[in-house]
Structure formats: structure tokens, C-alpha cells
Amino acid sequence: MFCSSWDLPRIFRIVTLVNLARMSVNRRLSASNGRLPPNMKSWKVNEPLHGTNYLKTCRRKLLLLWFFGFVAVGTVWFILSFNSKYLVSKENEAICEERARVLLQRYNVSRKEIHALASLFYGSDQILSNCIDERRLKMLLSSGMISTPQLTCPGNQESQKEYICVAETVETIEQCPILDDYDQTRLELSFPSKNHVSLASHSALSTDLVSYLLRGKNIVQSWELRASAIWDHLSSSNFVRGCWVLIGIIMSCFCLLWRSQKQKLVQGHPAAQKKQMQGLARGPSKSAGRWRKKLLVIFVSLGIIGSFWLFWHLNMDIMQRREEMLANMCDERARMLQDQFNVSMNHVHALAILVSTFHHGKHPSAIDQKIFGEYTESTAFERPLTSGVAYALKVLHSDRMHFEEQHGWTIKKMETENEALVQDCIPENLDPAPIQDEYAPVIFAQETVSHIVSIDMMSGKEDRENILRARASGKGVLTSPFKLLKSNHLGVVLTFAVYDTNLPLDATPEQRIEATVGYLGASYDVPSLVDKLLHQLASKQTIVVNVYDTTNASAPITMYGTDVTDTGLLHISSLDFGDPLRKHEMHCRFKQRPPLPWTAINASVGVLVITLLLGHIFYAAINRIAKVEDDYRQMSELKGRAEAADVAKSQFLATVSHEIRTPMNGVLGMLQMLMHTELDENQMDCAQTAHNSGKDLISVINEVLDQAKIEAGKLELEAVTFDPRAILDEVLSRFSEKSKEKEIELAVYASNQVPEVVIGDPKRFRQIITNLVGNSLKFTHDKGHVFVSVHLANEVKNPLHIMNAVLREGLNLNQDISNRTSDTLSGFPVCNKWKSWAHFKKLSSTNEPEIIQLLVIVEDTGIGIPTDAQSCIFAPFMQADSSTSRTYGGTGIGLSVSKCLVDLMGGEIGFVSEPGIGSTFSFTGTFRKGGRTSLDAMWQNNLSGSEFLGLRALVVDRRKIRAEVTRYHLQRLGMSVDVTYSLNSACSCLSNTCNMSIPTQLAMILIDKDAWSWDKEGSFLYAIKKHRKNGIKGDPINLPKIFLLATHLSANEHDELNSFGIIDDILMKPLWLSSLIRSYRESLGIVKKQVNRKNVMKLGNLLMHKQILLVDDNAVNRKVAEGVLQRYGTIVTTVESGKAALKFLKPPHNFDACFMDLQMPEMDGFEATRQIRNLESEANEKIACGQASAEMFGNISYWHIPVLAMTADATQGSNEECRKCGMDDYVSKPFDEEQLYMAMERVFNSDS
Amino acid sequence: MLGFGADLLWADMNRLLAFLFHQGVLDEQFLQLQQLQDEASPNFVSEVLNIYFHESEKLLTNLRGLLMERDYKKMGVHLNQFMGSSSSIGAKRVTNVCVAFRAATLQTNRAGCLRALEMLEHEYCYLKNKLHQLFQIEQQRALVAGVRYPVQNQNQ
């Protein structure tokens, strides 16, 4: 009852706890099985990278482990405590119930006894003392309970003890036959104590209520008691668990502390940390994995060991409890048996006293056989275990005759050695007893054993011994067990001696023997005794009781019980039947072997399962971690390999480039040599082009090498001044041949807003345009055009305010699709170029006036880019599809390099492409505006000459854009250009101008071949011819020259056109500056500047017979430079130090120039130059002042020898320094021919 | 037979040159040097190279001595010279090693200097051997060609 009320909440709590645990486990499980939670993921990812993170994760893992450990330990402990408590309480329950019942029974019995004996006997002193003890004890208990209730119930065990104590008291109370009124108190006593027990162990309300009702008065105490009981219960049950938790927390704290300290230590030493990090980078995963595995193994083995220990522990507990139970039951049985036996014995004793009083004390005897028989029969219930009582008289041999006569029968001998009191045989048949010293014939006997009257008890061996011992000791004496005849049970005979006189208490045995008058014997039927007893007790089915007589220890005699079947446990309780010579033992066994300890098995299996489950989870997690780490390692390995492959690729590129460069050097050398020979203009041009192309090839190879640099982010852009238009010309000249071959119109155009000089990296700028144009040309076949135009990014900012014609045409495309065919360069449709920069974000975002953004548009009418390939067009080595590279060749690196370069230039690249129509690429680049330097001005002047300046030209072209392009080129020459769209209007234009003055007259007419209509030539030719005629009078030079612009012409057409005699020349497109100039000059008949491009010859001219001083400390350099310079016919004098140079250069001297090495020992180039300038200025001053005549200084009025620095690294910085200390220019070392020429030209031209 | 030999030698020489170029031992500057050789100075290349070898040997000895004395500044000067002369004759690899060497001296990295010096000596020896080989072939070729076609050879 208590159990169930107590169980419910407990069980509920367990269930919830287990559920919680399972939930957490499940969550872990799902986390480990499924995707990792993000935080976990993140730390896993970071783990190998960051050592600290790694440590953190370790700590976290440890915590996790601790947590699980707690869960496991907690569960185990819970089960354990629950189990033991539960069992204990249950047991207590059983025991108390049993006892109550027994007590009640026995109490009833004892009451009967009291009623039976009240009239006859007074209580013995032993009983009295018991009673007194009892009372005192009870008083003590009750007072204790009232005054200090807390003390009475400190806990389970104590309460149990107390209970036992109370039970004992109760037992002893029972033995007190007189104290009737004690009943109530005893009850009261037992109930509260029971309450305490139940309160302490279960803290149940119901019992509390009962106790309250029962006791009434002690409400406050009971509350106090309950509170204290609860507290005690809590503390006692939770104390150990709390201890565990505490230990766990302390341990984990310690762990954390230790780890953090370690970390701090590591952090304290950066070098060590670095080392660790390095170690972690490679080793950590492996070691961590091993560590984790070890931990897991330890954990699992601990779990297994723990579960086994748990099993063992629980099992032991159960066993122990079982043993205790057995011991309790056994002891109890033994004690009860003993008690009952003692009670019977007392009765027999009482009978003995009765006999002595009424038989021997009275004369004549108040008792005869009949009275004895009746009395014993009527008081048989007092001795429920005795089968019969008999009284034998002590008869000496001398009195035998007398005795026999008196009683009328002879003393008979016991027939057999089978000492039984009850025999079937008739006593008359027995032989008379043999002659002995004394006899003990039975004179009285209970009805049940009346047949033994007259039998001499002394004749039986056992009985004789018994009698002798009994009369000597004065106490009850037992025989060894033997079979009782009638019942065939084992029995013992108890013998009391009856004395005739009141013996003193300390009588000697002799006195006792002397005083003996008879013997009272009672036979005990032990089996029935025990049976009866066991019947009274509960749970008799569970145990088997055996009673042995162990007087002879080596051969115990079974008094009660069946054959022994060994069921494991055995408890032996000794029995004291009041006969010191006889020893008896009670052996108790459980009937069944102990059932399997299911609780232990369940608990331990549960723990095992939990452990294994956790182990599995962790194993899975560890595996996963290991796998991820492995993957990471593999990845990093692959990454390493990829990087290695990248390096290998770069090396391969370098090698291959070198392979190509080596033969290219030969080619270039040969070409250069070829150019040194006498060539006419055309051949020269070819050779020049070949040479340039070769150089371009070399540069392209270099640019391929640059790709690697770009990828490594090592490429740096130069910042030098350059003319973007010149770049366009260069590009044009490079691709003109190709475009001619393919009959594709190639044109370049730069908006007039583009500054003439910008600062940036011309090489890269050209490279990008070259790439784009090259691609465009590659993918355009036999029709259409490739058109490069350069604008300022600001120009396209607002589409509504476009001033530029070319751009406007593009914009018109957008609006009028039907008209698009006629508006492009070649008349073929193109993509809308505006879309190509639609996605540019940085378009003209800068507001600084010095920064400009150039927008370069390359449009073509090629095959276009397939839509699906447009996304990856800028990836390196990627072409639209593999067939492209088969058809067109190429590496596909161009666009990627271009993109990188554009990015470097701070611009963007984009494109729009329609398959079948064409593509338009556009990119922006950020440059700075540059002022015109003298160099560029000179170059410009040199190239263009001044002959075109101010001239007028007429362009006849149907297509606006083409006309614009032509106009652009002519305007660059400083000409003013008129554009007409047909020959008719050209005629009117001609007629308008013919009358004007010469400066405004047309210098040339450029007619596009498309505009050249054969039908209308009449009027046009007429007009021309008229002009020619007019021109005869005047200067023929002033006549307008007529050029035909054509992209491609067949030989027939060529001849036909020439035959007209009107056209001065046919200009093949693409049109660019130098070709225009050349054609014009040729048409004028001026063949100038043949030498223009022959730098070598020019150098030779420049340097021929010049006196040059070469200053270099390095003999090799000296020799080489000398060799180079001597080739150009110079007279070279070499000196090896600055000081020597000073000697030579002290005015007057004959040197025309000085090449000065910058890095020399003693006096470097700068210092030497400074001193030279000092010397010169001195000389100049002298001349100026007239101190010295000019003759003294070689007839030169102003001394300034050009000093050119020779430097291995021609950087901007050293360049400036050169100029600062008075140097005129610098050349790189070893000599580059072109640079040398440039420098020399500058020096000598400015000189002359 | 002799003409055939001349062709063979010519091919040998070219192969050797190509090999040296391929290995990066020489660069274009060497070709330019060869171009400077003409009738006026028929032994120009060998003259220059002799000077170079002479100078370089001196420089190397000096460098070794300076490295022992740990005079990094002077070493830098010497290296500049070495670099200049090497780049003049187009000894690319030697030049590169010189650059590395100079960087090491700037950092006063003794171990790096030692290593660089060893490399420099190695490269220098290698270059010297190869160029000697080249000259031997050239001399043989000149001999053979001269014997066979003295007039034509001059024209070419």
C-alpha cells in the first residue's frame, strides 16, 4: 500500500528523466547523422586552420563528454538508489506485516496461557524482571519520542533498527503474562514507530494522518518530525549523488582551468604557438583523431566496466538482502522455536513441581494415575508439542520389592534398545527389569502414553543418561533425537528431576541426586513442533527449515526437515533448548534458487546500451570528423598539387616561350640585317612589317608569360606618356595585312575629345586592343568590318547629348533597326555597342580633372559568340567551344589576359554578341592626362610633316561613319575636311572651291570606292578635267589630288581605274597616317625620307666620324660598347674612371659626346658629370668675360658636351637624377639600337 | 669531306648555342655581340670574352675574400661590376645569380651569400666551359672553312 503510493511519483520522475535523456540522445543522434548544425560545421571547418579554435573544440568536446557521463552516471545512480530503496522498503513491509501477524497470533496464545495458569501459578522472577525491563524500555522510548522526535527517525536504517527494537520490546511484552493493560500502550507504541518507519522511508501522507489520528496530541511534533524526516530522506538519498555531481563539476572545472592555462602558456610564447600552429596544420587531425579514438575506447570500456560493476553491485546487493532476509527469518524461526520449546519446558517444569508438591509433598499422595492422566490431558494445550508426559519414580534396588508390592506390578525393562516411550507392545509382555542399583519405573503417565506405566526408564540407555543428568543438574535435559514409535516422527525426551525437599539454589549435584524422588519426562515431537510453528509464520513457502542436533558435531542428527537440496544460501541459527549439553541448530534455506536478478540485469544492460549508443554516436561523430579531416587533407593535397601544376604550367609556358624566342631572335636578327641592306620603299616596308610582327610575337610571348605574372598578382603597370592614336595606328598597321587578306574593312577612330597624350601603360593598352582586334579579325570572314573606336567615357554618359558622329550612329542603331544596314562601316549589321558597356559600374565615375577614362570599342561582323558560351568567355584557355580552337587556332588566353589587364587599369570589359551578326567588345581604362612632351611633339612633327597643315580635303563617301573615319585621319594631319555623300555634291563643292584662292583650295579629294559610280562619272570627270586644265596655268601641285579609297580591288578594277588617268593613287584601306602621308608624297613625286625608318643608316649618319669618349670601369662593357659604337663609324676613346674622363673632357677637347657609366668606383657617373659641367661653365665664363679668347677653347663659344648616362636599370628615378646632375640623356646598357638612335638623334639634332 | 666537316661544325656550333639559349645560360645580347664581329674585328667576341673571363676571375677571388671579411658594401660594388659585364656578354644565368647575390649582400645574409657565391662560381665555370667549347668549334670551323673556300667565305 505504501509502496504503491510512494512508487507512482517516483516512477513518473524516472520516466521523465529517462525521456529527457533519450531526447538529448536523439538530438545528438540526429545532429550527427544528419547535417551538422551550423556552429558545429563552422568550428569543424575552422578547426585545422586555427589552433585556438581547435583547443576550444576540444574543450567543448570534453564538456559534451562530461555531460553524457553525467547523464549516464546519474541514470545509473538513480536506478541504483531507487532499486535499493524500493527493495528495502518492500522487504520492510513484508517483515513488518509478518511480524504483526505473528505477534497477534502469539499474543492471543499468550493470553490463553495466562488464563490457564493464572489460577495455578505465580510468576517466576525471570518473567517479572522481563516485565520490568519492558516497562522501563517503553517509558524510555515514549519519552524519547515526545521530547526528541528528530532523533528517533534519522533515516532508514535507524528507523529499521528502531523498529526491530520496538518489535523486540513488543515480543518481550508478550512474554509478560500479567500486564494486560499494556496491550494498548504496546499498540500505541508500535503504531507510531511504524509511522516513523513509513514516514522516514516514504514520507507518505496517509500514514501521517493515521499517526495523527492515533496519537492526537503530537501534531506539532509530527510535523516537525515529518519535515526533519523529509530533510533526512533527501539528504541521505541525495547526498551521494550530490557528491558525484560535485566531483564531476570540480573535475570539469579543473579540466577547463588546466586547458586555459595551457593555452595561455602557449599564447605567452608566440614562437611556440606558431610551432604549435604549424604542428596543428599537419599533425593535429591525426593526433586529435587518435586522441578522440582513445577517449572513445576508454569511455566505452569504462561504460562496459561500469555496467558490469553495476550488475555486480546490484546483484551483490540483492544477494546480501536475500541473505539478510534469510538470516532474519531463520533467526526468527529459531527464536520462536526456542521460545515455544522453552514455554513447553516451563510447563513440564511446572508439572514437575506439581508432582513434587502434590505427590511427594502430601501423604498420602494427592495424585494418582487417574488424576495425573486427567490433569495432563486437560493441560495438554499448554504443551502443544509434547506427545505425552510421564512420571517415573526413583526406586532403589532395596526398595524394589516393596515398590512392586505396593503397586502390584513388577518393574519392567524396556524391551529393546529402541528407546521409545510409546510402544505397541503391552507392558505385561515385557520382561521384568534386570537387577540394578536403582530403577525408575513410570508410575504416572498421560493417557496417550499410559502404556509405559511400570516400565523402568533406567533400563533404556538414553533415558538413563538423561535421568542421571537431569537429577544432577536440576534442569530439563534432552535426549538425542530418536524416532517416536507411534507417529514415526523424530522426537526428543525432556526429563526433569523431581526433588522431595526444597533444595537450596546452590545445591551440589550430590545433594541433588540425594534429593531426587522421581523424574518427569515429556516426549517432544519435533517435526510437529516445527510444523506448527512454521504454519504460524508467513512466507513459509519460501524457505526450508531443517533442525539438527549437533551435539556430536561430526554427525549431526536431523530432527526436522527433508533432505537437503542445495539452493545456494544457507543460514544457521543455533537453538538453545535449555540443555547446555545438547546443541541444536536450525538450518534455513530458500526453497527456490534465487531468481535471476532482473533489476540488476536491466539496469546494467540499460547502462551498457546507453554506453554503447553513446559510443556509437561518438564513434560516428569521430568517424565523420576523421572523414572530414581526411577530406580536408585530401583537398589541401589536391590544392597543393593543383598549385604545383600551376607552377608547372608557368614553367612550361616559360620554357615554350623560350623555345620560340630563341629562333625568333634569329629571325629578327636576320630581318634587321636585311634592313641594313639597300632596299626600296616597299621592300623596306615589308621587312619593317616582318620585323615589327616578329617583335610583336616576342611581346605576345612575353605577354603569355605575363599571364602567369598577372595570376600571381605581380604585374605592375607602367606610367609613361603615350599617344593613344599612335597606339591605334600601330594596331592598324599590324593587322592591315591580315584584314587585306580577308577583305575585311579595318578602321580605327578616336574621338576628338580623347587627349593626344595620356599617361598609362601603352604596351598593355595596345595589348588589349590587339587581342580584341585579333579576335575580331579571327572570327570575321570575308565580309564586313572590324572597327576600333576610342572615346572618352564621359561622352557616353548621357546618350541624349552625343555630339560625336560615330557614337551617334551607334545610338541611332538602337532606335531604328530597319536602317541599320547602311549605317555601319561596311554596311553589315552590327550589334548594339551601347549594350556592351551597359553593365559597367565605374563608367566615368571619377570627377578628378586629371583622370580620364578611355572607352575603347571594337566591333566586328563576325560569327558572334554562342549565347551559352558568353558567360565563360573571359576564363583563361576557354574558347566558345572546342571546335573553335580547331577552326581558328589560338590559345584562348587573350581575353583572359585582356580582362586582367583591364582590371589592372581600373576599368571594365564587356561585350555584346549576337551569333551570326557579330560581337562588340568594349572596355574602359583609367589614364591620366599628360602634357605634350617634347619627345612626342618631335615625333609627331617628324612623322606628319608640316606639308599637310592647313590643307583642305574633300571626302566623298556614302557612309557617314566611314567618312568620319577618313575625316579623323585627315584631321590628324592638320587638314580641314569636308564631307559629301555623293559625287554630285562633290562636284558642286568642287565648283565652289575652284574659284577660291589657293590656300583654301582643295588639296585632295578622297573618294570611296562605293561612292565611285560609273554612271555619274561624266560630270565629275568633266569637272576634274576642267580643273586640270585650269591647273596647267598654275602650279600643278596645287591641283587637288584624287585618291580612291578601297578595301579590296581586283587587278582588273585596278587597271581600269588607273586607265582613267584621273586618279592619282588608290589608297588601300585600312587607312592610317603613315600610308596616307606616303601616298600623298608619292603622288607629289617627292620621295623623301627614305632613310626615315633605317635607323641604322641614320645612326651611322649621325655618328659617323664622331669623337666619343666612353667611360666605364668594366672592361667587358667597355669593349662591347666600343664595338657597338665603332660599327657606326665613331672614333671611340675609352677610359675606365671618372677622373680619367675629366682629364679628357677638360675644355678644349675634340669629343662630340660622352657615354658615362653611372656606377663606378672612386668617382661615379653623377659626380664626374657634375665636375665636367663645372669645368665647362668655368670655360664658358672665361669666354664670356673675354678672359680667354674663343680660340683657346677650340673656337667654340659655348662648351657643352652631351653626356649620356649608361645604366643597367633605366628607371624613372635614376633618369631624373641623371638630368639633375647635368646629363643630357641616358641609354640602357647593353645598348638597344633604337634607343641609342633616339638618344643620339635628340642629342645631335638639338646640337646642330 | 672538308666542306662537309665545316657544315657539321657549323651545325654543332648552332646546336650548342641553341642549347645554351635554351638553358638560359645566354641571351640575345650574346647574339648582338656576335653581330659586332666583322672583318674589321674578326676576333671581337673572343677578345671580349677573354677580358670577361679575366675580369670575372679576379672578381670571384675578390668576392670570396670579401665574403670572409664580411665586407658587404664592397661585395655589392664588385657584384655590380660582375653583373654589368655579364649582362654585356649576355651571360644571363650568371647575371641572375649576381642579382640574387646582390640581394643577399644587401640583406647581409651571410648564408645566402655563401650559397650564391657557390652558385655563381658554378655558373661561371659552366659558362666558361661551354664558351670554350664554342670557341674551339668556331676555330675549327674557321680553319676548315678557311682552307676550303677562302674567297667565298670572305664574301659571305
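Residues numbered from 1 in each chain as written. Chains lettered and ligands numbered in written order. Predicted model: local features only at pLDDT ≥ 70, side-chain atom pairs only at ≥ 80, totals over all residues. Heavy atoms only, no water.

Structural notes on helix α3 (residues 44-69) of chain B
Working step 1: Given a rise of 1.5 Å per residue, 26 residues ought to cover 38 Å, and the 37 Å separating the end C-alpha atoms of α3 of chain B matches this to within 8%.
Working step 2: Looking one or two residues beyond α3 of chain B, the residue adopting positive phi is R70 of chain B, at roughly 60°. (Helix = DSSP H or I, 4+ residues; strand = E, 2+ residues; numbered from the N terminus. Expected span 1.5 Å × (residues − 1).)

Here's the deal with helix α35 (residues 1165-1185) of chain A
Every α-helix carries 3.6 residues per turn, so stepping three or four residues along brings you back to the same face.
Residues and elements named next belong to chain A.
Working step 1: In this model α35 runs 30 Å from its N-terminal to its C-terminal C-alpha over 21 residues, within 8% of the 30 Å that 1.5 Å per residue would give.
Working step 2: Taken residue by residue, α35 has G1165, F1166, A1168, T1169, I1172, R1173, E1176, A1179, N1180 and I1183 as its buried positions. For α35, the arc enclosing every buried residue in end-on projection is 155°, short of the 170-degree limit, so these residues lie on one face. α35 presents E1181 and C1185 as exposed residues on the side facing more than 90 degrees away from its buried surface. (Buried < 20%, exposed > 50% of the residue type's maximum accessible area, 1.4 Å probe, protein only. Arc of directions from axis to C-beta.)

Quick look at the sheet that holds strand β9 (residues 543-549) of chain A
Residue and element names in this part refer to chain A.
Working step 1: With antiparallel pairing, the 4 strands of this open sheet are ordered in space as β10-β9-β12-β11. Sheet topology places β10 (557-560) and β11 (571-575) at the edges, where each strand pairs with a single neighbour. If you compare each strand with its neighbour and ignore which way they point, the axes differ by 30° on average.
Working step 2: Two strands pair when backbone bridges link them, and β11 and strand β12 (residues 584-590) are joined in this way by 5 bridges, in the antiparallel orientation. Across the sheet, the residue bridging to S574 is E585, located in β12.
Working step 3: Sheet strands in contact with helix α16 (residues 526-536) are β9 and β10, and its direction is about 50° off that of β10. (Pairing = 2+ DSSP bridges. Axes fitted to C-alpha atoms, helices over the stretch in contact; angles between N-to-C directions. Contact = heavy atoms within 4.5 Å.)

A closer look at the packing of aromatic side chains
Working step 1: In the structure shown here, the tally under the stated rule is 15 aromatic pairs over all chains.
Working step 2: Taking the centre distance of 6.2 Å and the plane angle of 70° together, the rings of F765 of chain A and F923 of chain A count as edge-to-face. Placement of the pair is F765 of chain A in helix α20 (residues 762-778) and F923 of chain A in strand β19 (residues 918-929), with a sequence separation of 158 residues. The same class applies to F765 of chain A and to F923 of chain A, which are both buried.
Working step 3: Consider the rings of Y52 of chain B and F82 of chain B, whose centres lie 6.4 Å apart with planes at 50°: the pair is tilted. Residue Y52 of chain B is located in helix α3, and its partner F82 of chain B is located in helix α4 (residues 72-89); the two are separated by 30 residues in the primary sequence.
Working step 4: Of the residues examined, Y52 of chain B reaches a relative accessible area of 0% and is grouped as buried.
Working step 5: For F82 of chain B, a relative accessible area of 0% translates into the label buried.
Working step 6: In this structure, K128 of chain B is placed above the aromatic ring of F53 of chain B, and the distance from its NZ or CZ to the ring centre is 6.0 Å. (Phe/Tyr/Trp six-rings, centres within 6.5 Å; stacked < 30°, edge-to-face > 60°. Lys NZ or Arg CZ within 6 Å of the ring centre and 35° of its normal.)

Quick look at the sheet that holds strand β27 (residues 1153-1157) of chain A
Two orientations exist for strands paired in a sheet by backbone hydrogen bonds: parallel and antiparallel.
All names here are of chain A.
Working step 1: Spatial ordering of the open sheet is given by β26-β25-β27-β28-β29, a layout of 5 strands whose pairing is parallel. Each of the sheet's edge strands pairs with one partner strand only, and the pair in question is β26 (1131-1135) and β29 (1225-1228). If you compare each strand with its neighbour and ignore which way they point, the axes differ by 25° on average.
Working step 2: Across the face of the sheet, helix α33 (residues 1115-1127) comes into contact with β25 (1107-1111), β26 and β27 while running at roughly 170° to β26.

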